[in-house]
Amino acid sequence: MPVRIISLLACFAISVALTANGARAETPAWNPNNVRTLLDNVGASVIGGGVDAVWSADGEIFWFKDEADGIYYQVDVASGVKTPVLTPESLAAAFSGTDAGGKPEFISFDGKTGRARFRLGDMSYDLDLTDLAAHKVDDETMRLEDLKKPKTARTMFPINGWDRRELPSPDGSQLATLIDDDFGLRAADSEESVRLTNNGAADFQWFFAGDLWESSGSPWSPDGRYVVARTHDMRNVQGFPIVDWLETNETVTQFRYWARAGQPLPITTFYIFNAETGGKTKVDIGSDPDSLAFFIDWAPDSSEFVFIRYSRNVQKQELFAVNAKTGEARLLFSDERRSGWVKWPGGSKTIEFLPSGDGFLWRADRDGWFHIYRYDRDGKVIGQLTSGDFAVQSIVAVDETGGWVYFMAGSDASRPYDTHLNRVSLDGGGIQQLTDAPGRHRIAMSPDNAFFLDTHSHFDRAPRTDLRTANGRFITTLAEARVVESLRKGWTTPEEFVVKAADGETDVHGVIFKPHNFNPRRRYPVIERVYGAMQSNVTPRGYVGSGRSYPGAEYQTMLAYFNALGFVVVTMDTPGTPGRGRDFNLVPYGVWPDGVMADHAAALKNVGASRRYMDMDRVGVDGNSWGGYMATR
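These remarks concern the structure in this document. (Residues numbered from 1 in each chain as written. Predicted model: local features only at pLDDT ≥ 70, side-chain atom pairs only at ≥ 80, totals over all residues. Heavy atoms only, no water.)

**So, the overall build of the protein**
Counting secondary structure elements, the protein contains 7 helices and 45 strands. Against the 2.2 N^0.38 benchmark of 26 Å for 633 residues, the protein shows a C-alpha radius of gyration of 26 Å, consistent with a compact globule. When its C-alpha atoms are laid out on the principal axes, the protein stretches across 70 × 70 × 65 Å. A burial count over the protein gives 51% of its 633 residues as buried. (Helix = DSSP H or I, 4+ residues; strand = E, 2+ residues; numbered from the N terminus. Rg over C-alpha atoms; globule rule 2.2 N^0.38 Å. Buried < 20%, exposed > 50% of the residue type's maximum accessible area, 1.4 Å probe, protein only.)

Next up, the structure:
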């Protein structure tokens, strides 16, 4: 089928649109002036449904604001009784006697004092929920509180942000910061920072220990005595040219944070800083130039931190523990694979220490699926806690007292891309799935792990939050989203599908997003939204418009715009993407992306074969980042 490229935007992410020749008269017109309005409306059409709980010290009650009705509630956890403590009317009355105008903006809630913080204009007030008396916060308190807030320490990339913000110590008295290309500390009651290094440069920068690729805990030790930073040595990295055409004479700068394939990698070196003295200790992790090192987390007793080192081809990973006082690193264990990768960097954190510090849990793929393994403090495996043909996506909580590990997994074999909360005994044994509604689930455990808040949605179900006991028993629904239908004019519920890949055997799961005011007797042009790489799925599963709380938000709103223009939009996760085991993930290994292309083409044809409303003579492909590359292919 002949194609012509109609747009190509190349920056950090690439977006490409392709269309077949012979477009017909009913092809929707592109009107960029309407993009922002429609996307804003889609985002604003779903109000509430989530619960951001502020817990009391004893964990028996919590407070939250229901965005759907604007009411602040107090919840008795054991009974599930929800009592309104502040309504929009009582809030307006509480501030009617103040000299500040405007609408009160909620800032925070203090569960210890029972006061809520609001801002009106340039002034802040504490509202006592027992008598609804508003107390103006004095200027000095406001100044000190503003100083405690983390500020932008460095703008990471000139194109798409990913700014690094200051990192507060556990007690909030200090903040780790970045000064030019160096590392430093700032007292929480001061605007002045203390530079602790002086050798930073544009190609040899200091960073916080955590990296963009690998999820980690705080670089601060739990006791606040130490903080880990790293140098990112890019002096041998070729970099990527960025051309600025907006000056009279164009300028070219080199972006060096990441290396080009096959060329020298940046070198990471960790340093442990003493937060009291400012002294630093270098961590010797060897001199392998073909490796990548990532900080992971601190042990609960602050005696050591752990980092992971990958070989360049990601076929070997090593977990090290570093002594906080000496900087000496010891190898805990290593995993190696002859083909494929042991774990693609990124995703949820791979390690969780037991609260007692007596060992840790490790999430790894050793039998074809990601599962949880228990280790002692010295890196000796105690046992495999989970097993089966499903992937453990993240560890949510460890209840060492109760003897449970709570984790998210695609544990419903018939719906592998749904996310559910499960638990398993710390000693191993049967797995219990604690949530059951189709779609995506976001979990917040109570401080004592006796209850959890389950926020979930699906294509045909707006977000809601349920309160459940730790064993999954339903107590009550706390919040349900309010859907503003006038902002979703013509919206049609998406359709899930399962078709075969190019081999005629492998199932491919995906979703069809239909045009506004969909008419099955019409013929619509088709866009496939593609990503296709090994580390991420593309297909959204939650309620469109609620993407801020669920994976795929950046895709959901853009798909909504394509639908408004009159396109059928198809997304699918073909072999080569995560979530369905190693064999599925490694299908295109060594021949990528050709196998991916064949599966997308076959699956899309299979989808269109049984749906006459899809005009398969007019097919577009759209994607960003790896999706831009795949769209071009």
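Following the structure, the description resumes.
**Brief notes about a nonpolar patch on the surface**
A cluster of nonpolar side chains, namely Val243, Trp245 and Val252, defines an oily patch on the protein surface of about 330 Å² accessible area. Note on placement: tryptophan 245 falls in the loop between strand 20 (240-244) and strand 21 (251-255). Using a relative accessible area of 61% as the deciding quantity, one classes tryptophan 245 as exposed. (Patch = residues over 30% accessible without salt bridge, like charges linked within 9 Å, V, L, I, M, F, W, Y side chains within 5 Å. Areas by Shrake-Rupley, 256 points an atom, 1.4 Å probe, with all protein chains shown as cover. Salt bridge = Lys/Arg side-chain N within 4 Å of Asp/Glu carboxyl O.)

**Let's talk about the sheet that holds strand 5 (residues 61-66)**
Pairing is antiparallel across the open sheet formed by 4 strands, whose spatial order is 4-5-6-7. Pairing within the sheet leaves two strands with one partner each, and these edge strands are strand 4 (54-55) and strand 7 (82-86). Sheet analysis places strand 4 next to strand 5, joined by 2 bridges and oriented antiparallel. Residue tryptophan 55 lies in a different strand from strand 5, and its bridge partner there is phenylalanine 62. (Pairing = 2+ DSSP bridges.)

**As for the pairing of strand 42 (residues 507-513)**
Consecutive residues of a regular strand have side chains that alternate between opposite faces of the sheet. Judged by how many residues are buried, strand 42 sits mostly within the fold: 6 of 7 residues are covered. Where strand 41 (residues 495-500) lies against strand 42, 6 bridges are found, and the strand directions are antiparallel. Its bridge partner being in strand 42, phenylalanine 497 is matched across the sheet by glycine 510. Adjacent in sequence and paired antiparallel, strand 41 and strand 42 are bridged by 6 residues, among which glycine 504 carries a positive phi angle near 75 degrees. One ladder, built from 5 bridges, connects strand 42 with strand 44 (residues 568-573); its direction is antiparallel. By the bridge assignment for strand 44, isoleucine 512 is matched with valine 570.

**Here we look at the pairing of strand 33 (residues 404-409)**
The buried count for strand 33 comes to 5 of 6 residues, which makes it a mostly enclosed element. Across 6 bridges, strand 32 (residues 392-399) lies against strand 33 in antiparallel orientation. Pairing of alanine 397 across the sheet is with tyrosine 406, part of strand 33. Summarising the sheet, strand 33 and strand 34 (residues 420-425) pair through 6 bridges and their orientation is antiparallel. Across the sheet, residue phenylalanine 407 finds its bridge partner in strand 34, namely asparagine 422.

**A closer look at the pattern of salt bridges**
A complete count under the given rule lists 34 salt bridges for this structure. With its nearest N and O atoms 3.2 Å apart, the salt bridge here joins aspartate 211 to arginine 230. Of the two residues, aspartate 211 sits in the loop between strand 18 (204-208) and strand 19 (226-233) while arginine 230 sits in strand 19, which places them 19 residues apart along the sequence. Relative accessible area serves as the criterion here: at 13%, aspartate 211 is assigned to the buried category. Between aspartate 297 and lysine 349 there is a salt bridge; the shortest N-O distance is 2.9 Å.

Functional significance is not addressed by these values, which are geometric in nature.
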